[in-house]
Protein chains: 2
Amino acid sequence: MNTVEKWGLFEVSLKGPSAGNPFTEQSVSATFRSKNEIVTVDGFYDGDGVYKVRFMPSFTGDYVYETVGSFPEAESAGDFTVTEPTGNNHGPVRIANTYHFAYEDTTPYYSVGTTCYAWAHQPEEVHKQTLEELDKGYFNKMRFCVFPKHYIHNFRDPETFPYEGTPVDNSNLTEENFSYFVDFSGNNWDFTRFNPEHFRRMERCIVELQERGIEADIIVMHPYDRWGFSVMNREQDDLYWNYVIARFSAYRNVWWSLANEYDLMRAKKLEDWEHYADLLCKKDPYNHMRSIHNCIPFYDHTRPWITHCSLQRQDLYRHVEYTTDYRTRYQKPIVWDEIAYEGNIDMGWGNISGQELTRRFWEASMRGGYAGHGETFMNPEDILWWSHGGKLHGESPARIRFLHEILTQTPGLGLKQGPGAFDETVAVPDEMIPVTGYEIHYYGFGRPSFRDFVKPADENWRVEVIDTWNMTITDAGVHSGKFRIALPGREYMAVRLTRV
Amino acid sequence: MNTVEKWGLFEVSLKGPSAGNPFTEQSVSATFRSKNEIVTVDGFYDGDGVYKVRFMPSFTGDYVYETVGSFPEAESAGDFTVTEPTGNNHGPVRIANTYHFAYEDTTPYYSVGTTCYAWAHQPEEVHKQTLEELDKGYFNKMRFCVFPKHYIHNFRDPETFPYEGTPVDNSNLTEENFSYFVDFSGNNWDFTRFNPEHFRRMERCIVELQERGIEADIIVMHPYDRWGFSVMNREQDDLYWNYVIARFSAYRNVWWSLANEYDLMRAKKLEDWEHYADLLCKKDPYNHMRSIHNCIPFYDHTRPWITHCSLQRQDLYRHVEYTTDYRTRYQKPIVWDEIAYEGNIDMGWGNISGQELTRRFWEASMRGGYAGHGETFMNPEDILWWSHGGKLHGESPARIRFLHEILTQTPGLGLKQGPGAFDETVAVPDEMIPVTGYEIHYYGFGRPSFRDFVKPADENWRVEVIDTWNMTITDAGVHSGKFRIALPGREYMAVRLTRV
């Protein structure tokens, strides 16, 4: 008897024709049934006469399935048993309490993301280094692209291309002559024939992240392109979206980011994005997270298909500080996927200090939002975490992990900004009326030498001083009434109060 | 023959009655004439049967004067000669080119201010220390109050009081029981009888600042009060305003700040402020600078009597970054008199780092605004520069002096924000079309390792790398066309380009 874990991936593999163009001329689908669900999904052609259909069961117990398709061998049937999840398998991430996330098994998920746009397209050595860094548990979400990236620091060809064909010559590309306006001639692609190897590389990455408890925030489209993947026509785009959905949906840790910087994709219009969203809602039976990320103008995050706001800072100086405003406006989780990266490249989106990036994480998190990391240090190998992965050089990852530890101690599903003085950000449990007796007062770049607190005389509050940079939590005793807490007069301090 | 420098202070002293209440029952005034001006000003009673009339001549050459008054000895006449100014006497500061300042002799004045609210009321030892710090040339404007200050860290009685009478007992005041809501009973003042010694202390301070090339930004009213000076009636206020104007106007370095945090003076209404402004415009013949400083809501700085905007930050995160917006809105110089102080007290307005305060100065200055310093470090003597003066402990003053040196190198009268990338603040000369060939690119908390510039191929630009924190200016050569300037990948760097 076949078995698979609940929220695991069950795959049916079928032999079929390899003649002609199986990607466009053949089709296969399957229906999976148990007493709790009936799910029909499309399969896909994986090359070499092999067709596959994938399924993620949401219930334990016995399942049967039937496959059908355009070729005789597509008709098949079978059964399997779904067992209890094990290890770090908590199911896909869902929205919880409007502004937060939880795994489907109700375990809270506090997002601390990172970005390695093109890590799936790097040589094995870099890939291995990336995994070693991810093993350290700094992050639990990663944003990365299906298509390769053309941009400064990104002129090398990817290890694989998504289509059959040959790419434009890259030998004359330099940082100096980089332009956003690209002539796509010189490429020779068959947009009707995918390169399955490319997608298998993506899937390997998804699984590697899954094994490490990291959500795969997959960027399906993006503008940083010299190959023409960003200017395909509607028919080509639909073929691509269907292929991606058929291949990736059954991985429980998949999130869909329709685009990175959608507003820079000049060939796409609002109706295109709504069309892809519609397709995704129809074809992904698991309702994975869906978002669309801006460069400058936000997409209208009130659209019902958008599960959470994937935001880029709008201003050099103030951005995550708007978290509470955007929660109110959009009534969805606020995820700051791009708030500048720790590094020292020339551009302002990639040269802030580890202190400043950590501060931005805290400012976002204390307001009941979530933030994303990236790293862009100049180095002789020109391997920058933000795009390639590789080795981390910065100081923020360990601090982000420390923040995550504190977030996991939240009573309930998440935080929100509570009342406070003008010079502090106060986080309280995100309940209608917080009754839990839990507050974190964060002082950011302020350097108070002490703070006074007032609590009812008949309540006891445990006080801890948190050094968010030096990653220490110091017991400051149990207090009632009016009391003063000494602080070191340094930046990046917080005080946590818990009623006992 | 009497002589006085142009913009110096000429004083006529008259003996008169000391019986009754000379402050309210007697009056004296004088008219000063030369071929270029005729100025009539009120005099004042200075105690001990002595009346004085003060005058600041605006022209060289021969003057005559006549005094008149309510008592027989008030009638007198005389003459004097006004000589050319010497030393650092450039005359009073005036508005220049809408957004900037220049002394009356047209020497540009680039304001770098500081605040020692109550320095005029401190013991001699502290006063001496303050002067020693001011001798170092960090600042060219100081904000300070006529009335003593009641506030945390400010419970000691001042050395002198402005009125005859006795103050409320201060022996039970502590930081813990400090309240903004004060019971003024317990004071016993005669608001019709000034204490001339108090005002002579003020004048000594004005002169000490003048000798050091520092403008005296005198705060005439303020809310931090336990004596009732902030809640006098209209008649008492008018007596006070007239006395202050008669005594201080003839000092060339006087600026009038109608109030600090006018909006916290609950006893005063809009019509009161407009009334004081009207009185000031009528009675100060020299048209010294006039402003009014907010806590939260700005006063309407478009009012014609306001010469420049004296602003306090409105937001913890973004404030001086609005300089260009406020220039546009108010069409007046933008002076950020309160943008938080370097220090480590508990409150957010007094615990930022020297780096952050210096950054705020640069952000304001590069946009064609001006900023003010203050310092609030906890210390065993409880002497904080922000209020008492004394010794400076911070790192920003030397950096502010360095910024001022750079500002004095501006071609023309001032800077404004020019076009630039999203991650830099570019300062250019404040001309309709800057033709001077002068740019400062400031990178704030960004840490670029290099920046690319493009200039016409037929122009030569001298490039200097400015480390605003380490206070160095490094020659980076002369360049044309497209060129790259290496930077250290540290915060607080700037690049200056000058066409040669």
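Residues numbered from 1 in each chain as written. Chains lettered and ligands numbered in written order. Predicted model: local features only at pLDDT ≥ 70, side-chain atom pairs only at ≥ 80, totals over all residues. Heavy atoms only, no water.

Trainee: Would you explain the overall build of chain A in this entry?
Mentor: The number of helices and strands found in chain A is 9 helices and 31 strands. When its C-alpha atoms are laid out on the principal axes, chain A stretches across 80 × 60 × 40 Å. Split into buried and exposed, the 500 residues of chain A put 62% on the buried side. Within chain A, counting contacts between residues at least 6 apart in sequence, those at least 24 apart form 71% of the total. (Helix = DSSP H or I, 4+ residues; strand = E, 2+ residues; numbered from the N terminus. Buried < 20%, exposed > 50% of the residue type's maximum accessible area, 1.4 Å probe, protein only. Contact = heavy atoms within 4.5 Å.)

Trainee: Before we go on, may I ask you to explain helix α6 (residues 323–330) of chain A in this structure?
Mentor: Note: α-helices contain 3.6 residues per turn, so residues at a spacing of three or four share the same orientation. Residues and elements named next belong to chain A. Buried within α6 are the following residues: Thr323, Tyr326, Arg327 and Tyr330. Buried residues along α6 cover an arc of 105° about the axis, so they all sit on one side. Opposite the buried face of α6, at more than 90 degrees from it, the exposed residues are Thr328 and Arg329. Taken together, the buried residues of α6 touch β10 (100–103), β19 (309–312), β20 (334–338), α7 (354–366) and β24 (415–418). Gln331, located one to two residues past α6, shows a positive phi value of around 55°. (Arc of directions from axis to C-beta.)

Trainee: Help me understand the pattern of salt bridges, please; the structure alone is not making it clear to me.
Mentor: Counting across every chain of the model gives 84 salt bridges over all chains. Of the charged contacts in the structure, one is a salt bridge between A:Asp452 and A:Arg484, with a shortest N-O distance of 2.7 Å. Of this pair, A:Asp452 sits in strand β27 (residues 450–454) while A:Arg484 sits in strand β30 (residues 482–486), placing them 32 residues apart in sequence. Assessed through its relative accessible area of 32%, A:Asp452 is described here as partly exposed. A salt bridge links B:Asp46 to B:Lys52; its shortest N-O distance comes to 3.0 Å. Here the two residues B:Asp46 and B:Lys52 agree in accessibility, since each one is buried. Salt bridges sharing common partners tie together A:Glu11, A:Asp46, A:Lys52, A:Arg54, A:Arg200, A:Glu203 and A:Arg247. (Salt bridge = Lys/Arg side-chain N within 4 Å of Asp/Glu carboxyl O.)

Trainee: Explain the UniProt feature "domain: Apiosidase-like catalytic" (unreviewed entry) in chain A to me, please; I cannot follow it from the model alone.
Mentor: The feature "domain: Apiosidase-like catalytic" (unreviewed entry), as given by UniProt, occupies residues 97–373 of chain A in the numbering adopted here. Annotated as 28% helix and 20% strand, the span residues 97–373 of chain A places its first and last C-alpha atoms 24 Å apart. (UniProt positions renumbered as here; feature names shortened; annotations may be inferred.)

Trainee: What should I look at first to understand the sheet that holds strand β9 (residues 93–96) of chain B in this one?
Mentor: Residues and elements named next belong to chain B. What the 3 strands build is an open sheet, ordered β9-β10-β11; its pairing is antiparallel. Each of the sheet's edge strands pairs with one partner strand only, and the pair in question is β9 and β11 (108–109). Direction of pairing for strand β10 (residues 100–103) relative to β11: antiparallel, over a ladder of 2 bridges. Across the sheet, residue Phe101 finds its bridge partner in β11, namely Tyr109. (Pairing = 2+ DSSP bridges.)

Trainee: I tried to follow the side chain of A:Glu464 on my own but got confused; where do I start?
Mentor: Residue and element names in this part refer to chain A. Tracing the backbone shows Glu464 in strand β28 (residues 461–467). Classification of Glu464 as buried rests on a relative accessible area of 15%. Residues contacting Glu464, with those up to four places away along its chain left out, are Ile473, Thr474, Ala476, Ala494, Val495, Arg496 and Thr498.

Trainee: How do you make sense of the relation of the copies chain B and chain A when you look at a structure like this?
Mentor: Both copies of the chain are related by a screw-like operation: a rotation about an axis and a shift along it. Rotating chain B by 180° about the axis while translating it 0.0 Å along that axis superimposes it on chain A, leaving an RMSD of 0.0 Å. Interpreted geometrically, this transformation is the action of a two-fold axis. An overlap of 100% is found between the interface residues of chain B and their copies at the interface of chain A, pointing to a shared contact surface. (Least-squares fit on C-alpha atoms with pLDDT ≥ 70 in both.)

Trainee: Even after reading the chapter, I still don't get helix α4 (residues 234–248) of chain A, so can you show me in this structure?
Mentor: Residue and element names in this part refer to chain A. Counted at 1.5 Å a residue, the expected span for α4 with its 15 residues is 21 Å, and the 21 Å between its end C-alpha atoms agrees. When α4 is considered as a whole, its buried residues turn out to be Asp237, Asp238, Tyr240, Trp241, Tyr243, Val244, Ile245, Ala246, Arg247 and Phe248. Between the side-chain oxygen at the start of α4 and the backbone nitrogen of Glu235 there is a gap of 3.1 Å, and the oxygen is on Asn233. (Expected span 1.5 Å × (residues − 1). Polar contact = N/O pair within 3.5 Å; in protein donor to acceptor, adjacent residues only side chain to side chain.)

Trainee: Sorry if this is basic, but what is going on with the interface of chain B and chain A here?
Mentor: Reports often express the size of an interface as the amount of accessible area lost when the parts come together. Contacts between the two partners involve 40 residues from chain B and, on the opposite side, 40 residues from chain A. The junction of chain B with chain A conceals about 3,100 Å² of combined surface from both sides, 52% of it contributed by carbon and sulfur atoms. Looking only at chain B, the three residues that lose the most surface to chain A are B:Tyr317, B:Phe445 and B:Arg447, adding up to 24% of its buried area. One can count 4 salt bridges joining chain B with chain A. The interface formed by chain B and chain A holds 24 residue pairs in polar contact (both at pLDDT 80 or more) in total. At the level of elements, β21 (342–343), α7 (354–366), β27 (450–454) and β30 (482–486) of chain B are the ones that each hand at least two residues to the side of chain B that touches chain A. When residues of the side of chain B that touches chain A are assigned to their parent elements, the largest contribution, 4 residues, is made by α7(B). Among the residues forming the side of chain B that touches chain A, the class breakdown is 12 nonpolar, 10 polar and 18 charged. (Buried area = accessible area lost by both parts, 1.4 Å probe. Nonpolar A, V, L, I, M, F, W, Y, C, P; charged D, E, K, R; others polar.)

Trainee: Which parts of the structure should I look at to understand the pairing of strand β8 (residues 76–83) of chain A?
Mentor: Consecutive residues of a regular strand have side chains that alternate between opposite faces of the sheet. All names here are of chain A. Where strand β1 (residues 2–5) lies against β8, 4 bridges are found, and the strand directions are parallel. When the sheet's bridge partners are listed, Glu5 is paired in β8 with Thr83. One ladder, built from 7 bridges, connects strand β7 (residues 61–69) with β8; its direction is antiparallel. Bridged to Tyr63 within β8 is Phe80. The turn joining β7 and β8, which pair antiparallel and follow one another in sequence, is formed by 6 residues.

Trainee: Help me out: how do you make sense of the state of the cysteines in this one?
Mentor: Simply put, disulfide is the name for a covalent bond between the sulfur atoms of two cysteines. Scanning the model with the defined rule gives 0 disulfides over all chains in all. In this model A:Cys205 remains outside any disulfide bridge; the closest cysteine sulfur is found in A:Cys116, 9.9 Å from its own. Owing to a relative accessible area of 1%, A:Cys205 belongs among the buried residues under this scheme. B:Cys145 forms no disulfide, and the closest cysteine sulfur to it belongs to B:Cys116, at a distance of 11 Å. (Disulfide = S-S within 2.5 Å.)

Trainee: Could you clarify how one ought to interpret the packing of α4(A) against helix α5 (residues 270–283) of chain A in this entry?
Mentor: Helix-helix packing is characterised by the crossing angle of the two axes and by the distance between the axes. Residues and elements named next belong to chain A. With their axes 11 Å apart at the nearest point, α4 and α5 run at an angle of 30° to one another. Note on packing geometry: the crossing formed by α4 with α5 is right-handed. Residue-level contacts link Arg234, Asp237, Asp238, Trp241, Asn242 and Ile245 of α4 to Glu271, Asp272, His275, Tyr276, Leu279, Leu280 and Lys283 of α5. Looking at the contact of α4 with α5 residue by residue, the classes come out as 5 nonpolar, 2 polar and 6 charged. (Axes fitted to C-alpha atoms, helices over the stretch in contact; angles between N-to-C directions. Left-handed = near helix turned anticlockwise from the far one by under 90°.)

Trainee: Looking at this structure, how should I read the packing of aromatic side chains?
Mentor: Aromatic ring pairs: the centre-centre distance and the angle between the two ring planes describe each pair. Throughout the structure, instances matching the rule amount to 122 aromatic pairs over all chains. With a centroid separation of 6.2 Å and an interplanar angle of 80°, the aromatic rings of B:Phe191 and B:Phe229 are classed as edge-to-face. With B:Phe191 in strand β15 (residues 188–194) and B:Phe229 in the loop between β16 (215–221) and α4 (234–248), the pair connects residues that are 38 residues apart, well separated along the chain. Comparing B:Phe191 with B:Phe229 shows no difference in burial state: the two are buried. Above the face of the A:Tyr151 ring, A:Lys149 is positioned so that its terminal group lies 5.1 Å from the ring centre. Directly above the aromatic system of B:Phe450 lies the positively charged group of B:Arg484, at a separation of 3.8 Å from the ring centroid. (Phe/Tyr/Trp six-rings, centres within 6.5 Å; stacked < 30°, edge-to-face > 60°. Lys NZ or Arg CZ within 6 Å of the ring centre and 35° of its normal.)

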